[in-house]
Amino acid sequence: MRNFLNLMPSASQYFSSRRDKKPDRAIVFGFNCGQSIAQMLLCLTVVSAGVLHPSAARAIGAIAATPQAIAQTPANAPAPLTKVLTQIDAAANRRDVKAVMAFYSPSFTHSDGLNSQSMAKALTQLWARYPSLNYRTEIKSWKTEGSAILAETITTIAGTQKKDGRELTLKATIRSQQRFEGEKIVSQEILAEQTQLSSGQNPPTIQVNFPDQVKVGEEYHFDAIVREPIGDDILIGTVLEEPISEKTFFNPSEVELELLNSGGIFKVGKAPATPENRWVSAVLMRQGGIATVSVRLRVVK
């Protein structure tokens, strides 16, 4: 994962002049939207669905086989399912990739096109770079489908990392649906996600206005607004949109940072003509620090 915060020293040209003096050129740097942000989110979400203790999994299987257990709310979630989610978070916090992957079906499928091998690779890379993330998963809803159980969960992740004298802060929220069959995770779909990364003494505080889902060919608005007054400060940034696929998880994207004339980034986009998932990511930087935000856009019929 390329550390985009290394951009900071090369941005000094922007902060040596006033806001009304435009620099001669934009900054170009490698930004792993797929890898440093969205890949991170996927990995975190996958882990939150991944470690089933065998005894707890058998208990879930028994629940799924009970005809009365058709659909339930979080308040009525059975103790075995709640226990599994607690064990999932604990296993993720231990950073044990081998233990995580042992509970995936060999035929595991993911809405982003990954399999168990590519997920193991992503997890290994992620935890090598972010060794102190904390996971917490809550049940949003659950229901049975024959002998299987589908659980929709919300996972929150927070943590910090020190790199080259800088502290990186991460906050993420992911909503996903997992299908449990016996003692294995057989499939997962990401329903919504957002993550923010920041560094510096005074990074921008970003408020995002963005739909989780749009129809094919429909226009959408992406607003990444800096909540603090800008005043005479210089603000630079950019926005990047990419399709979500296995290829984009491991290939960096090069972007340019441009001088912004307003307190944020305001983009009007158009959804593709076919259903798919896309990442929309923004980078915002001022003299006090840098912040990024990445959200998932689901394009449906």
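Residues numbered from 1 in each chain as written. Predicted model: local features only at pLDDT ≥ 70, side-chain atom pairs only at ≥ 80, totals over all residues. Heavy atoms only, no water.

Visitor: So what's going on with the pattern of salt bridges? Which residues, and what values?
Guide: Summed over all chains, the structure comprises 11 salt bridges. A salt bridge links arginine 296 to aspartate 112, with the nearest nitrogen and oxygen atoms 2.7 Å apart. Here aspartate 112 lies in the loop between β3 (104-110) and α5 (116-129) and arginine 296 lies in strand β15 (residues 289-300), a separation of 184 residues in the sequence. Aspartate 112 matches arginine 296 in its accessibility class, with the two residues each being buried. With its nearest N and O atoms 2.8 Å apart, the salt bridge here joins arginine 179 to glutamate 145. Here the residue arginine 179 occupies a position in strand β6 (residues 166-181), and glutamate 145 occupies one in strand β4 (residues 134-145), the gap between them amounting to 34 residues. The network of salt bridges with common partners includes Glu241, Lys267, Glu276 and Arg278. (Salt bridge = Lys/Arg side-chain N within 4 Å of Asp/Glu carboxyl O. Helix = DSSP H or I, 4+ residues; strand = E, 2+ residues; numbered from the N terminus. Buried < 20%, exposed > 50% of the residue type's maximum accessible area, 1.4 Å probe, protein only.)

Visitor: Can you explain the environment of aspartate 233? Please cite residues and give values.
Guide: Tracing the backbone through its elements, the reader meets aspartate 233 in the loop between β10 (219-226) and β11 (236-243). Judged by relative accessible area, aspartate 233 falls into the partly exposed class, the value being 22%. Sequence spacing of aspartate 233 and glutamine 287 is 54 residues, and the spatial spacing of their C-alpha atoms is 7.6 Å.

Visitor: How would you summarise the packing of aromatic side chains if you had to cite specific residues and measurements?
Guide: One pass over the full model with this rule turns up two aromatic pairs. Seen in terms of ring centroids, phenylalanine 210 and tyrosine 220 are 5.7 Å apart; in terms of plane orientation they differ by 90 degrees. Their pairing is edge-to-face. Within this pair, whereas phenylalanine 210 is found in the loop between β8 (206-209) and β9 (213-215), its partner tyrosine 220 is found in strand β10, the two being separated by 10 residues in sequence. Of the two residues, phenylalanine 210 and tyrosine 220, both sit in the buried class. In textbook terms, an aromatic cluster arises when at least three aromatic residues are bridged by ring pairs, as seen for Phe210, Tyr220 and Phe222. (Phe/Tyr/Trp six-rings, centres within 6.5 Å; stacked < 30°, edge-to-face > 60°.)

Visitor: Break down the sheet that holds β8 for me, with residues and values.
Guide: Ordered in space as β8-β10-β13, the three strands form an open sheet in which the pairing is antiparallel. Each edge of the open sheet carries a strand with a single partner, namely β8 and β13 (264-270). Across this sheet, the average inter-strand angle for adjacent strands is 10 degrees, counted without regard to direction. (Pairing = 2+ DSSP bridges. Axes fitted to C-alpha atoms, helices over the stretch in contact; angles between N-to-C directions.)

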